[in-house]
Every structure is written in C-alpha cells, then in structure tokens.
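Commentary on secondary and tertiary structure
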Amino acid sequence: MARFAAVLLVPLLAAPAVHAASVTNTDPAAVVLVITEGGQRVEVVVDAGASENLCPSGCFMTTPDGDRIGLDGGETIDIIKGSAVVK
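Computed from a predicted structure; not experimentally measured.

With that out of the way, let us pick up the sheet that holds strand β7 (residues 76-80). Here four strands make up an open sheet; going across it, the order is β4-β1-β7-β8 and the pairing mixed. Of all the strands in the sheet, just β4 (51-54) and β8 (83-86) have a single pairing partner and so form its edges. Between one strand axis and the next, the sheet turns through 25 degrees on average, direction left out of account.

Here it is in structure tokens:
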C-alpha cells in the first residue's frame, strides 16, 4: 500500500514544475525580474542567455522596462531588449 501511495504522490510533487512559466533572457546582459506571488515579492536575476522556470501557480511579473504581466504558469516568455514577449 505504501508503494502505491508513493507512485501517486511523486507525480503530484513534480507537476508544478511542468506548468511553470519559462523565461529566457536573450539580452547580452543579466536582467532582474520582480515576481509577486501570493503576496510575496521577490527579485529574480536571469543571466544573459539563461532560462528560469517561475510561477508554478500564477504570479505577476514586472519586466526590466516596467511592464507588469499576469502569468498563469504555463507561458513561454522571451526577454528581448528589456521587454517581455509572451508566447
């Protein structure tokens, strides 16, 4: 029975990462994104050419150029010249 419970629990723990928003910084320098999720505000640095998974349960993201975008957690976002392009 414990093995059965573990088989059901492991996919549930991994599920939020699958639905996280993916942010890729295409700029030549690192960018700082402000993420507001569940009333908590956090600054996330995304290095040049790097990708980060954010907001598994939805959040607001403030981009380097000041745009504030609501995310559900399944989007793919590219940072291009400081602006976010949501796909």
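Before going further, it helps to spend a moment on the side chain of T63. Its place among the elements puts T63 in the loop between β5 (59-62) and β6 (68-71). Taking the relative accessible area as the measure of exposure, T63 reaches 5% and is therefore buried. Residues contacting T63, with those up to four places away along its chain left out, are L33, I69, G82 and A84.

Per-residue pLDDT for the protein has a mean of 84; in total, 79% of the residues score no lower than 70. Taken together, the stretch residues 1-17 has pLDDT below 50 and engages in one contact with residues farther than four places along the chain or on a different chain.

On to the environment of I80. One can find I80 in strand β7. Residues I80 and T26, spaced 54 residues apart in sequence, show a C-alpha to C-alpha distance of 5.7 Å.

Within the secondary structure, L71 is located in strand β6. Residues L71 and C55 lie 16 residues apart in sequence; the distance between their C-alpha atoms is 7.2 Å.

Conventions used here
- Residues numbered from 1 in each chain as written.
- Predicted model: local features only at pLDDT ≥ 70, side-chain atom pairs only at ≥ 80, totals over all residues.
- Heavy atoms only, no water.
- Pairing = 2+ DSSP bridges.
- Helix = DSSP H or I, 4+ residues; strand = E, 2+ residues; numbered from the N terminus.
- Axes fitted to C-alpha atoms, helices over the stretch in contact; angles between N-to-C directions.
- Buried < 20%, exposed > 50% of the residue type's maximum accessible area, 1.4 Å probe, protein only.
- Contact = heavy atoms within 4.5 Å.
- pLDDT = per-residue confidence, 0-100.

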